[in-house]
Amino acid sequence: MSHSTHTSWLNQFESDDRDFRFMATSDLLNELKKPTFSADETMQKRLSTAVLKLLRDPSSEVQGLAMKCLPLLATRVSPNAASSIAAQLSVHVLPEAGGSAGKSSSSRSARSSSGGGSGDAVPGSKSLRDVAGLALKSMVATLPSGGPSAVAIVSPLASRLLAALPAEGAPANSWLAAGVLESLELLADVLLRFPRQLVSSHSHARDALLPAMTLTDASVRRRAVAALAALAATASLDILGDIARAGIAALEASPTAGVALVSALARSAGRRLVPHLGGIVPPLVSIASSSRGGDDDDDEEDFSYDVARDEQREVALTALDSLVRQVPGPMAPYVSDVLPLALALSKHDPNYTNGGAGSGEEGDDMEEDAVGSSADGDEDDEDGFREDEGDYSDDEDASWKVRRAAVRLCHALVQVARVMAAVGGVSSRDTYVSISQTLSARFTEREEVVKLDVFDAFSGLLAVIASPLSSSSASRMVSATASTATASAPSPLSPPASAAASSDLGTANATTLSAAAPSAKSGLPVVHVPAFVGDADVEAAARAAAVEAVTARAGRTLRSLRGELHASRNGKSRAAAAAVLRRLVTVASPSTIAPRVSSLVGELCRALGGSAAVASSSPTLRIEALLSLSAIVRFCGPTCLAAGLSDTVAAVLDAADDRYYKVTSESLRLCEVFVDTFGPSSVRASLSPMVARIYEAAVTRLSGREQDSEVKAAALRVVAATFSQYGTELDPKSRADAPRLLLARLTNEVTRTPAILALSRCCGSTVPVDADVQQEFASMLGSFLRKTDRSLRLAALDALTCLASTRGGILGDLNKNDLAAARLPDVAALVGDGDPRVAALSLGLAATVVKMRGSVAVDAVVSSGVFPASIKLVQSPLLQGTALEALLDFISALAVANAPSLKCDALLSSIRSTVSPSMGAGSDSRGVATAAGAEASGGGGGGSTTRLQIQTAARCVAAVIRSSDDPSARVDTMSAFVRDVHGGAGNGRGEAVVFALTVIAEVGRCALIPQECESSVWAAVLEVLGGDREEELKTAAATALGAMAGGGLSTGDGGSAGVQRLVTLIRERPSSQRYLLLLAVKEAVASSARQQLAIAIPLLLPLLVETVEASGGGGATIAPAEDASAVGGDDANAEDPMAVERAVGRASETGVRDAKSSGEESIRTATAECLGMLAAAQPQVVVPWLVDGVKGTSSTLCAVAVTAVKYAVSGSLPAVDDSSGADGTGGGDGSVPACGSPAADRKDDLDAALTPVLSDFLGLVGARDMGVAVRKGALQTLGALARWRPALLRDYLRPAESGHDGGTAAVATSDGAPLLSRLFGETEEDKSLVRMVDLGPFRVKEDGGLELRKAALGAIVTLLHTAPRSLPGKDVADVVSRGLRDGHPDVGPLATSTLQAALFACSSAIAPAALVSGLRDATPLLCTALGEVLFKRVEENAVRQEVQRQDEAVRGALRALRSMLTVDALRTHPAVVTLVARVRRSTALQERWVQACGDADASSGAAATGQDVRGGDLAMADS
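Now for a description of the structure that goes with this document.

How each quantity is defined
Residues numbered from 1 in each chain as written. Predicted model: local features only at pLDDT ≥ 70, side-chain atom pairs only at ≥ 80, totals over all residues. Heavy atoms only, no water. Helix = DSSP H or I, 4+ residues; strand = E, 2+ residues; numbered from the N terminus. Buried < 20%, exposed > 50% of the residue type's maximum accessible area, 1.4 Å probe, protein only. Contact = heavy atoms within 4.5 Å. Areas by Shrake-Rupley, 256 points an atom, 1.4 Å probe, with all protein chains shown as cover. Axes fitted to C-alpha atoms, helices over the stretch in contact; angles between N-to-C directions. Parallel < 35°, antiparallel > 145°, perpendicular 65-115°, else oblique. Left-handed = near helix turned anticlockwise from the far one by under 90°. Nonpolar A, V, L, I, M, F, W, Y, C, P; charged D, E, K, R; others polar. Pairing = 2+ DSSP bridges. Expected span 1.5 Å × (residues − 1). Patch = residues over 30% accessible without salt bridge, like charges linked within 9 Å, V, L, I, M, F, W, Y side chains within 5 Å. Salt bridge = Lys/Arg side-chain N within 4 Å of Asp/Glu carboxyl O. Phe/Tyr/Trp six-rings, centres within 6.5 Å; stacked < 30°, edge-to-face > 60°. Polar contact = N/O pair within 3.5 Å; in protein donor to acceptor, adjacent residues only side chain to side chain.

1. Side note on the overall build of the chain
Logical step 1: When helices and strands are counted, the chain shows 72 helices and two strands.
Logical step 2: When each of the 1519 residues of the chain is scored for burial, the buried share is 56%.
Logical step 3: The long-range share in the chain, meaning contacts at least 24 apart out of those at least 6 apart in sequence, stands at 75%.
Logical step 4: Counting every atom, the chain has about 59,300 Å² of accessible surface; 51% of that belongs to carbon and sulfur.

What follows is the structure, given as structure tokens:
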């Protein structure tokens, strides 16, 4: 903007014409909103002065524009100019700011009451103080907190605001002087928005505000409370303590003021008030319960009513509500007092004798009425109640506020019930049951506002007990919750903006927490916390008890809901009652609900049907009524609605005519539910008369151009459902028009995707669709495949697959090459690894075409490019999951078709060419394989084939062999691969040999090797195994050998013959091949089903015992390379610190790494893995042998047995009997199996077998009289149990009691004391295992106990994630400090991971008391150890590896220090404060500290809630 424009504005500001001034001010406002606004220093001052002058303008419109300009102008001008604007505004708002402190308050009051002076504008206009005050508040609210203008404005403004407040000892009327109230309001805003800039003013603000708490004027006291709450959110603990103590004292001296202050502190300070809960909660409970108004045992006829006492009671309950939600763990000891109080006060109604607890309690004591009781009687009761309610009126009654606050407190207790139970409060069962009974009895609440909260709280209860939190995901959920909670808990180190100060932070918190459960109407966040070991089953029992209690009271609850759904009730109450009904139907037993819902359905229909009802009811009510009907028919079945179905459908169709699109769409969705539910049911005929009306209603919605896209999508689904379920009952015209109507919607981009899904459903139904419609539909779907919209592609592929699977001729005559040629090339373009889902559907479509049309379709599949694209996909390193299964299905379909244009031998040649182009040359007559192979290998660049590509190609070959019905071709194929095994290595074709062996393994695993070539196959594999070949070839041969033995070959005797042959080979072959043969045994176990293993175990167990005894070296350490990952301490794997090494289900996955390790140690490891897999499959047989092994005298056997338990529990299970290998997973991914599945049964069997003998294995932890291998195996087994079977450790890991130093004394009397103490002892360096080795001129330290310390730290990390309440903090701190000072570089990172895991547990909403208290007491020790790591100097001549190790150690220590700031009990500890200040002063660590803070915030989610990623919010200035 030019200088002349600014000058023009200034001239117009001085104009006498109001319009000129208005237009100029408006233009300035518009320009200030643009970020490009600029002006020189002189013009900035002139504009500021002119706009400030406009605040006195006689026109209120000009004043309003000037008021809006000033906050924007302050952000566009220089800091000095902005400071001048703020100073001038403060002069207008605070006349005495900056003046003489000795002026009397009486003179200020007199001048304020006179209305004269410079504080007023021109007569007839707004007060200048009001306008300036609004401008100043807007400036404070919009000023960037970290900008230079904030630094220039905030501190002087705060000084002026504090100077405007009366001094200590001033008379009470001085607080009523002009500008004092405005000062209090602005001071609260400033303290909340700019906490870091006002750290030096916090003590002054405290001293100035606390005297206001003794005033009697409510307006002053209310503003002072708001300012104190804002101060408490960011002040130091000392200042917060002073404010909290003042509030506690006020609770006794002036309950009204004290309760208001404590309630505000609970909302703003939250977690920081934990040290003061002992002085806050008991007085609040006393104030809330000190009443005679609602006591039944009070027989005096005292009709007086104290409104002030009920208002105090309400504020006290609100404060308790805030504390319960924000600090559920520390509030647990007080729940035994808070819960009965909340339940009692939820019925507090002293001024109304017929309501309150009386009617509800009488209803509870009455016996349940029989099903089908008279509805008239209930309506009479409701009418009588309403009549009484209408006669009652008392404007002074404030008891409803008490009931509302009590109900909200009950809602909060429901949300955190599991937290309370976990940390020693009232059990979840008691909380759920008692609250459910009380709330269900309060549905007849007479006050509408309270009733809505009752419904909301009961809905929240139903949501909690109906949605259990799985233990597998619970530990993951705590991260976001903990980071959000800790981010909002400020400290003197870094006062971050609180939720009230930052709208962004409040929005983020609300968005994060509101999606999981219904939000409380109190505006406080809903709390969700993690579940640790032992919580899941207890919580499940509590939810089951609550569901049982809700079901038992379902009859009374439904009668109350029916009364609340009556048309005479308020619309909001009816909507809330419908929402409760919807959740109740999903929770209570259907057998209890179904016989009682008929009258409720009538009330719901009356909320929908008829123009009068639609006009009187709100959209929310109609939507909730529709959702309730949908829940009833889905959960209770169609039978319960069959009697009055016509009236119900009529009401729903009436609602479909609603003008609000959400009501219409929900009505149509309900029609779809009706059709899909009644269609296949026994009461199908009851809906038949209404089908035509439903169809017409949907068609009408589609024809209207003004309809919303959501409505049209729902209408399309209704048309499709009606045609599919009741198409034969529609009239011929409607039956013919329905598919064409859907086809017409394909031209509309808005309804294209739902129309595809709807029409594909019609084509896939039993009702015939005209051929021309199907052909046109297929043609349009082909064009949709070329669109970029992924959802449209997926829908089109699904629809084409549906068309292809119906009656074979849908896609037209392939011989004429018309429709197939038009679509299959488009499908070929989608076959790739860019989008696995699209590729899977494309291959599925091609496979369906081949299956339905047979060999006729193969030519089109090949010529269109689908087949070459699929062969190229074999080489993709990303191929897995559904895409891989679709590829195998497509290959199988081609093999079954065995078309002349693509015989099985040509198909095999194409697949072989993906491994090596020369392998597929010359194998087909028509060049199909050659072309496909050339295209597939064209992009390979001649690079070597990866192991995954070989595995994929081998599975494709096995699919071809499995699908071929030609025995001679199968023999020829296997003979060809045998020749590859014999001659590949000699010709330099190592890949060909590996591929051939992998194919043999895949075919043998399916028991498909022909008997004619069985001997040659075994001989070829054994030749590679015993010859002088590469280790990779030997490993592949071992895999093939085990797969053939496990697959049982073709003997049909359950696999025992193959296993017997393998056992014989192991005994006959030299010991140098023992390890590879054990890999074959492991593969045989992984390839066998459970019944086969039952037969093979008598053969395998003696062999494995002989192997262990022959390996010798009882005390040797078992240390293969992969075991290092079992401890889960690698910092690179920080995303999954609990990861324990999983036993591999395929020998090929261990491969060369194990073969290159120490011979005897590798043999023992492989033996333990085999035993573990056998124990997982047949625990009743194998576990007793393992127990005998650990009790025996052989150290080697003991080590193998205890290590086998680790492999047994870590998820390495054989293939499932009924679907072995079907999905390629084999159950070895460690995921929790579904209930009732074979994997779940095996897990239960293993748990049952291990539970009584687990002490025999855990007793080896820390057994100094045993060898290192035994001790390490026991530690790894403990870590595996903690990770995969934590429930088994419950009796060995009792929760540590709080109140003891470190929790050691408390644990000493529990069963877990010996286990934990021995576990912690293994982290100490064992001097007896350390020896010095002379290497010529050097002496090298050899630490035999290093692996023990690493395994022990890994087990502790896992326990900190799954059972933190069982670990004493002092012992954990000792372990961490020892690890940080350990001389070996591998131990330090593990110690840092241990500390971070402990701090992670302490920062959650369920903070373990013993762990927190122990860490707090040991904080100086931890800080000292961290300081030694952070400030350790690396020698100048240090090698590169030493420098890198020190950098990693420093990075881990900084992240641990950052994590300490997330724990309330540690962040303000003097040792932490000192260490943080020292780090910030260090030039070498400043940048790395900022980076560590940013990484920590990004990983914990704090960055999303507005934290300063530069680290500024986590450390104060060095001073």
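2. Considering the packing of helix 36 (residues 732-744) against helix 37 (residues 752-763)
Logical step 1: Remark: helix 36 packs on helix 37, axes separated minimally by 9 Å, with the N-to-C direction vectors making an angle of 155°. The orientation of helix 36 relative to helix 37 falls into the category roughly antiparallel. Here the hand of the crossing between helix 36 and helix 37 comes out left-handed. Contacts between helix 36 and helix 37 involve Pro739, Leu742 and Leu743 on the former and, on the latter, Ala755, Ala758, Leu759 and Cys762.
Logical step 2: Considering only residue class, the contact of helix 36 with helix 37 consists of seven nonpolar, no polar and no charged.

3. So, the pairing of strand 2 (residues 1338-1343)
The two faces of a sheet get side chains in turn, since along a regular strand they alternate between them.
Logical step 1: Strand direction decides the pairing type here: strand 1 (residues 1330-1335) and strand 2, joined by six bridges, are antiparallel. Bridge pairing links Arg1331 to Glu1342 in strand 2.
Logical step 2: In this antiparallel pair of consecutive strands, strand 1 and strand 2, the connection spans two residues, and Gly1336 shows a positive phi of 70°.

4. Some thoughts on helix 7 (residues 128-142)
Count 3.6 residues to each turn of an α-helix, and residues three or four apart come out pointing the same way.
Logical step 1: Along its 15 residues, helix 7 runs 21 Å from first to last C-alpha, staying within 8% of the 21 Å computed at 1.5 Å per residue.
Logical step 2: Taken residue by residue, helix 7 has Leu128, Arg129, Val131, Ala132, Gly133, Ala135, Leu136, Met139 and Val140 as its buried positions.
Logical step 3: Its buried side turned inward, helix 7 meets helix 4 (60-76), helix 5 (79-93), helix 8 (148-164) and helix 9 (180-193).

5. As for a nonpolar patch on the surface
Logical step 1: Where nonpolar side chains cluster on the molecular surface, the patch consists of Leu1335, Phe1338 and Val1340 and spans about 300 Å² of accessible area.
Logical step 2: Looking at the element boundaries, Phe1338 is found in strand 2.

6. Some remarks on the pattern of salt bridges
Logical step 1: As enumerated under the stated definition, the model contains 61 salt bridges in all.
Logical step 2: Taking the shortest distance from any N to any O, the salt bridge between Arg18 and Asp19 comes out at 3.7 Å.
Logical step 3: With relative accessibility at 43%, the residue Asp19 sits in the partly exposed group.
Logical step 4: The partner of Asp1326 in a salt bridge is Arg1264, with the nearest N and O atoms 3.7 Å apart. You can see Asp1326 sitting in the loop between helix 63 (1312-1321) and strand 1 and its partner Arg1264 sitting in the loop between helix 60 (1254-1258) and helix 61 (1268-1284), a full 62 residues away along the chain.

7. Description of the packing of aromatic side chains
Logical step 1: The full count for this structure, using the stated rule, is five aromatic pairs.
Logical step 2: Taken together, a centroid distance of 5.2 Å and an interplanar angle of 90° make the contact between Phe443 and Phe458 edge-to-face. In this pair, Phe443 sits in the loop between helix 21 (428-441) and helix 22 (448-466) while Phe458 sits in helix 22, placing the two residues 15 residues apart along the sequence. Neither Phe443 nor Phe458 differs from the other in exposure class; each is buried.
Logical step 3: Note on Phe977 and Phe995: the rings are 5.8 Å apart at their centroids and 65° apart in plane angle, and the pair reads as edge-to-face. With a gap of 18 residues between them, Phe977 in helix 48 (residues 967-983) and Phe995 in helix 49 (residues 990-1005) connect regions that are remote in the sequence.
Logical step 4: Among the residues examined, Phe977 registers a relative accessible area of 1% and is labelled buried.
Logical step 5: On the basis of relative accessibility, which here comes to 0%, the residue Phe995 falls in the buried class.

8. Section: the packing of helix 45 (residues 904-913) against helix 47 (residues 947-963)
Logical step 1: Here helix 45 crosses helix 47 at 175°, and the two axes come no closer than 10 Å. With respect to helix 47, the element helix 45 is oriented roughly antiparallel. Residues Cys904, Leu907, Leu908 and Ile911 of helix 45 form the contact with helix 47, whose own contacting residues are Ala953, Cys956, Val957 and Val960.
Logical step 2: In terms of residue class, the contact of helix 45 with helix 47 is built from eight nonpolar, no polar and no charged.

9. Remarks on unusual backbone geometry
Logical step 1: Positive phi, normally seen in glycine, also occurs at Asn898, with a value near 50°.
Logical step 2: Looking at the element boundaries, Asn898 is found in the loop between helix 44 (881-897) and helix 45.
Logical step 3: A residue is classified by how much of its surface remains accessible, and Asn898, at 29% relative accessible area, is partly exposed.
Logical step 4: Of note, the phi angle at Ala1007 is positive, near 55°, even though the residue is not glycine.
Logical step 5: You can see Ala1007 is positioned in the loop between helix 49 and helix 50 (1014-1026).
Logical step 6: Given the relative accessible area of 27%, Ala1007 is considered partly exposed.

10. Some details on the environment of Thr1468
Logical step 1: Among the structural elements, Thr1468 can be located in the loop between helix 70 (1464-1467) and helix 71 (1470-1481).
Logical step 2: Exposure remark for Thr1468: the relative accessible area of 22% places this residue in the partly exposed category.
Logical step 3: Considering only alpha carbons, one finds Thr1468 and Leu237, 1231 residues apart in sequence, at a separation of 8.0 Å.

11. Remarks on the environment of Val1253
Logical step 1: Its place among the elements puts Val1253 in the loop between helix 59 (1238-1250) and helix 60.
Logical step 2: Non-local contacts of Val1253, meaning those with residues more than four positions away in its chain, are made with Val1183 and Val1187.

12. Some points on the side chain of Ser1403
Logical step 1: Of note, Ser1403 is situated in the loop between helix 66 (1387-1402) and helix 67 (1409-1417).
Logical step 2: Look at Ser1403 and you get buried, because its relative accessible area is 6%.
Logical step 3: In this structure the side chain of Ser1403 is engaged in a polar contact, spanning 3.0 Å, whose partner is the backbone oxygen of Phe1400.

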